[in-house]
Amino acid sequence: MLDSHWRHLAAIHELHQQRSIAPRGCGPTMVIDTGLGAAATQDILEVAGEYIDIWKLSFGTSVFVRPAVLERKLELMKARKIMSCPGGTLFEAAVLQHPCRSFMKDAADIGFDAVEISDGTIDLSPFRRRHAIDCALEAGLIAITEVGKKDPAMQPPIAELARQAQRDLDWGARWVIVEGRESGVGVGIFDACGNVAAGDVETFASILGGRQDRVIWEAPLKHQQADLIARFGVNVGLGNIAPEGVLALEALRLGLRFETLKPIADALRVSGRCASDQIEAVLIGDAIDGRASLSRSLHAFATACPRSAANGKC
């Protein structure tokens, strides 16, 4: 049950039933933290913690956070059962200089729950990639891998990324992230203008098949998030979400922003299931009996307002 003053509204009630609940096996929201303090982190968690699944301290930013502050932040996340991980760039810098097992042990000792294993800047052979996943699991960490390069001029074919994602899952990764960077431009499934390349999305989804729910698409821009929600539904995994944008994303998922409400409204209007004056009459009439009508499904409104053969509306 949605704990909200607005929980009786029909649209919220119905769409919320489709949304997976924590701990989510599909549809996670991964935030990107570029430098929040402990107090700011606590504020975000108080307001939006139940809608956050993975908290990434991006790039190598956790290097610059004083140990006491970092430990406090990780404690706050553990209390909310939110998975924490350092950024993939820190992993890449570390394995250039130290054994993979050493990095994983340090991450676990600090208090992280997961690590991001990526080769967005460096090159990892299949052997080293699989070894990194094994090292993470041996250290008691959740392995989250990332596919794709950060340099727009070095983008691999999308089918190659999908096949790598498949291998990562076979090797023990919990989630696979598709690179999108903080800009969402010219990498992964995004063109040079930041638009979603629909063909690439379909190719990736086709190769992943039934494992599509294990994918997290980095999608920092609202129109990218809306396109992916339209394609995969409310439970699509999305990453690189600014902490202050988590509630806005959840509203987008549940049809409470223009980009996702308009298709719903248009479909109801075309099907003849929505005429605001008739719905208002149903609500007012039923209000005598309490607020039960406010939690009606959209289908219930349709049966309460039979369509006219003349105009196809309620």
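In case you missed it, the structure is sitting above this.
Worth saying up front: this structure is predicted, and the values here are computed from it rather than measured.

1. Quick look at the environment of L238
Here is step 1: Along the polypeptide, L238 turns up in strand β8 (residues 237-241).
Here is step 2: Taking the C-alpha atoms as reference points, L238 and I177, 61 residues apart in sequence, are found 8.8 Å from one another.
Here is step 3: Beyond its immediate stretch of four places on either side in the chain, L238 contacts P28, T29, M30, I216, W217, A219, Q225, L228, I229, L249 and R253.

2. Brief notes about the side chain of S118
Here is step 1: Mapped onto the secondary structure, S118 falls in the loop between β4 (114-117) and α6 (126-138).
Here is step 2: Classification of S118 by relative accessible area gives buried; the value is 1%.
Here is step 3: Polar contacts involving the side chain of S118 include one to the main-chain carbonyl oxygen of G88, which spans 3.4 Å.
Here is step 4: A polar contact is formed between the side chain of S118 and the side chain of E92, at a distance of 2.6 Å.
Here is step 5: Non-local contacts of S118, meaning those with residues more than four positions away in its chain, are made with G88, T89, F91, E92, L124 and E146.

3. Here we look at helix α7 (residues 158-171)
Here is step 1: Between its first and last C-alpha atoms α7 spans 20 Å; for 14 residues at 1.5 Å apiece the expected length is 20 Å, and the two agree.
Here is step 2: Listed as buried for α7 are I158, L161, A162, Q164, A165, D168, L169 and W171.
Here is step 3: If you follow the buried residues of α7, they end up packed against α6, β5 (142-147), β6 (175-178) and α8 (198-208).
Here is step 4: Two residues or fewer past α7, G172 is found with a positive phi of approximately 120°.

Each value, and the rule that gives it
By convention here, each chain's residues receive numbers from 1 onward along its written sequence. Where totals are concerned, whole chains, interfaces and linings use all residues; where local detail is concerned, this predicted model gives features only for residues with pLDDT of at least 70, and gives and counts side-chain atom pairs only at 80 or more. The basis for every side-chain value is the complete set of non-hydrogen atoms in the structure, without hydrogens or water. Each helix is a run of H or I in the DSSP string that is no shorter than four residues. Each strand is a run of E no shorter than two, and both are numbered from the N terminus. Residue contacts are counted whenever heavy atoms from the two residues lie within 4.5 Å of one another. Summary of the burial criterion: residues with accessible area below 20% of their type's maximum are buried, those above 50% are exposed, and those between are partly exposed, where the area comes from a 1.4 Å probe applied to protein chains only. Under the rule applied, a polar contact is a pair of N or O atoms within 3.5 Å (in protein, one hydrogen donor and one hydrogen acceptor; residues adjacent in sequence only if both atoms are side-chain atoms). Multiplying one less than the number of residues by 1.5 Å gives the expected span of a helix.

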